[in-house]
Amino acid sequence: MKIGILAVQGDFAAHAAMLAGMGVETVEVRAPEDLADCEGLILPGGESTTQLQFLQEEGLYEAIKKFAAEDKAIFGTCAGAILLATEVKNPPQESLGLLDMTVLRNGYGRQVHSDVVSGPSTLKKDPLEMVFIRGPIFERIGPNVDVLAEFAGKPALVQKAHILAAAFHPELTDDTTVHQHFLELVAENSNRPALAR
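Notes on the structure in this doc start here. (Residues numbered from 1 in each chain as written. Predicted model: local features only at pLDDT ≥ 70, side-chain atom pairs only at ≥ 80, totals over all residues. Heavy atoms only, no water.)

1. Re the side chain of T102
Which entries qualify depends on this criterion: We count a stretch as a helix when DSSP gives it H or I for four or more residues in a row; a strand needs E for two or more, and each element gets its number in order from the N terminus. Side-chain atoms alone can form a polar contact between residues adjacent in sequence; in general such a contact is a pair of N or O atoms within 3.5 Å, and within protein one must be able to donate a hydrogen while the other accepts it. Contacts: residue pairs with any heavy atoms within 4.5 Å of one another.
Its place among the elements puts T102 in strand β6 (residues 99–104). In terms of polar contacts, T102 uses its side chain to reach the side chain of E87, at 2.8 Å. The contacts of T102, once residues within four sequence positions are left out, are E87, K89, I137, F138, E139 and R140.

Shown next, in the form of C-alpha cells:
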C-alpha cells in the first residue's frame, strides 16, 4: 500500500512518520504525476489558502478531483478538511468540494487557543485524543455524512464513503486509530487486505 501526502507546507512529515511507524510506504505529492501509484491521499494541516493556490497552480486541483472520482480514499486534517468541504466561511474561499459540509476557518480560535482534548468516537471504546491547532469548526454536515467523533457538541471527524475529514491533528498523537481507519478505507477501495489492528 502506498499513500500520497500533499507536501506543500504544514505538517506532512508528521503524517509520514506515523504511517512509517505503521509499516506503510508514503510518497510526497507536489505534482499530478506523484499521484500515479498512490492508493490513498492525505491533505495535511497548514494554511488552506496557500495549499489551494498551490493545487491550482500545479495542476493538482483537477488531479485530486479525478483521484476522488476513481473512488480512491482521501483524508484531510485541519486545513486539508477545509480543502475537502463544499462550503468554506470566515472568510469564504474556493475548495475541492468533495465532502458535503460547511466549515468555519479558524473556528476554534487563534494558535494560542490550541488545545489537546479527548472526546467520544465510533472508532474505539476509549476517548479519542484530539489536538486542535486553529482548527476549523464543521458547522454543517450533509445528510449522508457520518460523524465519527465529536468535540464540544460539534462534529470533529466525519466521513462520506471514501472521504474522511478531521478538524484536529491525529498525526500529533501516539494514537494510530484514525490513520488505521483511513487505511481500512484505502484497502476497501483498492481491493487490498487492511493492516491488522
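So much for the structure itself; the text now carries on.
2. Digging into the pattern of salt bridges
Stated formally: What counts as a salt bridge is simple: a side-chain nitrogen of Lys or Arg found within 4 Å of a carboxyl oxygen of Asp or Glu. For every residue, the accessible area (1.4 Å probe, protein chains only) is compared with the maximum for its type, and the residue is labelled buried under 20%, exposed over 50%, or partly exposed between those bounds.
One pass over the full model with this rule turns up eight salt bridges. A salt bridge links E25 to K2; the shortest N-O distance between them is 3.8 Å. Taken together, the positions of E25 in strand β2 (residues 25–29) and K2 in strand β1 (residues 2–6) put the pair 23 residues apart, joining distant regions of the chain. Among the residues examined, E25 registers a relative accessible area of 46% and is labelled partly exposed. One salt bridge in this structure joins R30 and E28, with 2.8 Å as the shortest N-O distance. Residue classification places R30 among the partly exposed residues on the basis of a relative accessible area of 37%.

3. Let's talk about the side chain of S48
Turning to its location among the elements, S48 is positioned in helix α2 (residues 48–58). Those residues in contact with S48, other than ones at most four positions away along the chain, are A79, I82, L83, Q93 and R105.

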